[in-house]
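Here is how the chains run, residue by residue.
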Amino acid sequence: MKIIVQKFGGTSVTSNEKRNMAINKVIAAAERGYSPVVVVSAMGREGDPYATDTLLSLVNSKDNHMAKREVDLLMCCGEIISAVVMAEDFAQRGYEARVLTGGNAGIITNANFGDASVISVEAKRILHVLEQGLIPIVTGFQGMTEDGDYTTLGRGGSDITGALLGKALKAESIEIYTDVDGIMTADPNIVPNAKIIDEMSYNEVFQLADQGAKVVHPRAVEYALAGNIPLIIKNTVSDAPGTVITNSRGQAENSITGITSMVNKTQVIINFCDNGCNTCNDIFELLAKKDINIDLVNVFPGQEVFIVDSADTYAVENILKQLCIDYRIINNCSKVSLIGNTMRGMTEVMSKLLKTLECNNVNVLQTSNSRTTIWCLIKEADNRKALNELHNVFFCAS
Ligand code: ADP
Ligand code: MG
């Protein structure tokens, strides 16, 4: 059996017309001799009646009393509704589908509600449905604990379901259908000039996704890589070939693949009277105890700089006050990432980046780099301008 996993995101299942276009993709795959396994997200985005955020808004008032277990149960409803409606659409076109929840599909997770980790995937029920000649429609974003509780895999988690099942079923490929023609050099909503990338390596996509490009979930890329299964990002409403992600893409050196950003970051600058080693360790220990992630960490004699998610700012300030530490905070920052294959001799890229930002009066608060990525922290208000200008310089210069 040649299995293909086809995952359809929220905007791909939001209307009857879109669902029929999604179904066209499934039928086309079946006609090419594949056994399709369909994964669906909840219908639409915030504001749409059955979208995850809309369901959440039913209970997430200003005092959030709900236990995470019950919130997960509520969030799971979105994908269940979507899958059942899709099954009805298949039926109307003469195809019989079978709806499977994450648990039915054999996705067993721990009980970390809201962001559960997958323990195992036992896909025999999906195989049984395929053997019966039916189309399995699996509710994305969901798993089940060994005790039978519904769990969710974290926001954007339907991509994870698609990739997990692709790996477990040793699929020929995993197709992620969304509302853009593939992965682009930048988010087209921020950079209108962004261009489609035809081929990418798992590592490049992982970096891009992990640093904010929400077109695909980074954990989905990890599962596809672990199974060495081609991951293809496509548009439900077009015939564009999409972005093909494998390991066999030519590894051109010094090529910049894409640019992305993450907003809602806070920079924390700490000054110590002495060289600060012990206090520095105390701070990190206390932050770890509170589960606060820090990023872009630079420790110098007498000074320490790092960034946190804005949501953690209050907790960080409390810790610093408790330790009587002299600190300064810069709110509303954006972490911009320039991602490449192997940026050997980083100097040229870094100089081009800094020059571009300086020419456009964008203040650089911090930078860092690895073999494949340059990060730079700027004010959120400069984000759109910085991304567009950097994109012009790195992707549009002839
Ligand atoms: P879905 O509901 O199909 O999962 P998402 O909203 O999660 O869709 O992902 C698709 C969106 O990702 C696009 O509409 C686009 O705005 C955004 N996006 C961010 N970065 C990129 C990028 N580099 N390339 C393409 N799309 C991107
Ligand atoms: Mg998504």
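Our structure is the block above this text.
Heads up: these notes are all about the structure in this document. Just so you know, these numbers come straight off a predicted model, no measurement behind them. All chains use their own residue numbering, which begins from 1 and follows the written sequence. Whichever chain is written first becomes A and whichever ligand is written first becomes 1, with later ones labelled in order. Since the coordinates come from a predicted model, pLDDT governs what is reported: local features require at least 70, and pairs of side-chain atoms require 80 or more to be given and counted, while whole-chain, interface and lining totals use all residues. Only heavy atoms go into the side-chain values, all of them from the structure, while hydrogens and water stay out.

### Concerning the nonpolar core
Ranked by internal contacts, the top residues of the largest apolar core, which has 41 residues, are V37, I126 and I183. Numbering goes from the N terminus for both helices and strands, where a helix is a DSSP run of H or I of at least four residues and a strand is a run of E of at least two. Every element with two or more residues in this core is listed here: strand 1 (3–8), strand 2 (35–40), helix 4 (124–131), helix 5 (157–168), strand 9 (173–178), helix 6 (202–210), helix 7 (218–226) and strand 11 (231–235). Excluding anything up to four places from it in sequence, V37 contacts I3, I4, V5, Q6, I126, L130, P136, V138, L165 and L169. Think of a nonpolar core as a cluster: buried Ala, Val, Leu, Ile, Met, Phe, Trp, Tyr and Cys residues, connected wherever their side-chain atoms sit within 4.5 Å. Note on classification: 1.4 Å probe, protein chains only; a residue is buried when its accessible area is under 20% of the maximum for its type, exposed when over 50%, partly exposed between these limits. If you look at the next biggest cluster of nonpolar residues, it comprises 24 residues, including A194, L353, L357 and V362. The contact criterion used is simple: two residues touch if any of their non-hydrogen atoms lie within 4.5 Å.

### Focus: the sheet that holds strand 1
Across a sheet, paired strands are connected by hydrogen bonds in the backbone, their directions being either parallel or antiparallel. Strand pairing is assigned whenever DSSP identifies at least 2 bridges connecting the two strands. One open sheet holds the eight strands; their spatial order is 3-6-2-1-9-11-12-10, and the pairing between them is mixed. Edge positions in the open sheet fall to strand 3 (97–100) and strand 10 (199–201), since each of these has one partner strand only. The average undirected angle you get between the axes of adjacent strands in this sheet is 20 degrees. With three bridges joining them, strand 2 and strand 6 (residues 135–139) adopt parallel strand pairing. Bridge pairing in strand 6 links V40 to T139. To define axes, lines are fitted to C-alpha atoms, for helices over the stretch in contact only, and angles between the resulting N-to-C directions are given on a 0 to 180 degree scale. Lying on the sheet, helix 4 is in contact with strand 1, strand 2, strand 3 and strand 6; it crosses strand 6 at an angle near 150 degrees.

### Some thoughts on the state of the cysteines
Covalently bonding the sulfur atom of one cysteine to the sulfur atom of another cysteine gives a disulfide. Here, the term disulfide refers to a pair of cysteine sulfur atoms separated by no more than 2.5 Å. Summed over all chains, the structure comprises zero disulfides. In this structure C333 is not part of a disulfide, and its nearest cysteine sulfur, from C376, lies 11 Å away. Of the cysteine sulfurs around C396, a residue in no disulfide, the closest is that of C359, at 17 Å.

### A look at the packing of helix 5 against helix 7
It is the contact of helix 5 with helix 7, at a shortest axis distance of 8 Å, that shows an interaxial angle of 10 degrees. In terms of their interaxial angle, helix 5 and helix 7 are classed as roughly parallel. Along its contact with helix 5, which presents D159, I160, A163, L164 and K167, the element helix 7 presents R219, A220, Y223, A224 and A226. Here the term charged refers only to Asp, Glu, Lys and Arg, the term nonpolar to Ala, Val, Leu, Ile, Met, Phe, Trp, Tyr, Cys and Pro, and the term polar to all other amino acids, Gly among them. Classifying every residue of the contact of helix 5 with helix 7 by side-chain character gives seven nonpolar, no polar and three charged. An angle below 35 degrees is read as roughly parallel, one above 145 as roughly antiparallel, one from 65 to 115 as roughly perpendicular, and any other as oblique.

### Topic: helix 5
Look at helix 5: 16 Å from first C-alpha to last across twelve residues, which is about the 16 Å you get at 1.5 Å a residue. Of all twelve residues making up helix 5, ten are buried, and the element is well covered by its neighbours. Listed as buried for helix 5 are G157, S158, D159, I160, T161, G162, A163, L164, L165 and G166. Immediately beyond the C-terminal end of helix 5, within one or two residues, lies K170, with a positive phi of roughly 50 degrees. Expected helix span is given by 1.5 Å per residue-to-residue step, counting one fewer step than there are residues.

### Details of the site of ligand 1
Proximity criterion: a residue is near a molecule or strand once any of its heavy atoms comes within 4 Å of it. The environment of ligand 1 is formed by 19 residues, the closest being R45, T178, D179, M184 and N189. Pairing of N or O atoms within 3.5 Å defines a polar contact, subject to two protein rules: one partner must be a possible hydrogen donor and the other a possible acceptor, and residues neighboring in sequence count only if both atoms are side-chain atoms. At a separation of 3.1 Å, an oxygen atom of ligand 1 approaches a polar backbone atom of G10. R45 is positioned such that a nitrogen or oxygen atom in its side chain is 2.6 Å from an oxygen atom of ligand 1. To be clear on the numbers: accessible area is Shrake-Rupley with a 1.4 Å probe, and residue cover counts the displayed protein chains and nothing else. Out of a free accessible area of 570 Å², ligand 1 has 91% covered by protein chains. Tallied by class, the residues present in the shell around ligand 1 amount to eight nonpolar, six polar and five charged.

Interpretation note: all reported values are geometric properties and have no functional meaning in isolation.
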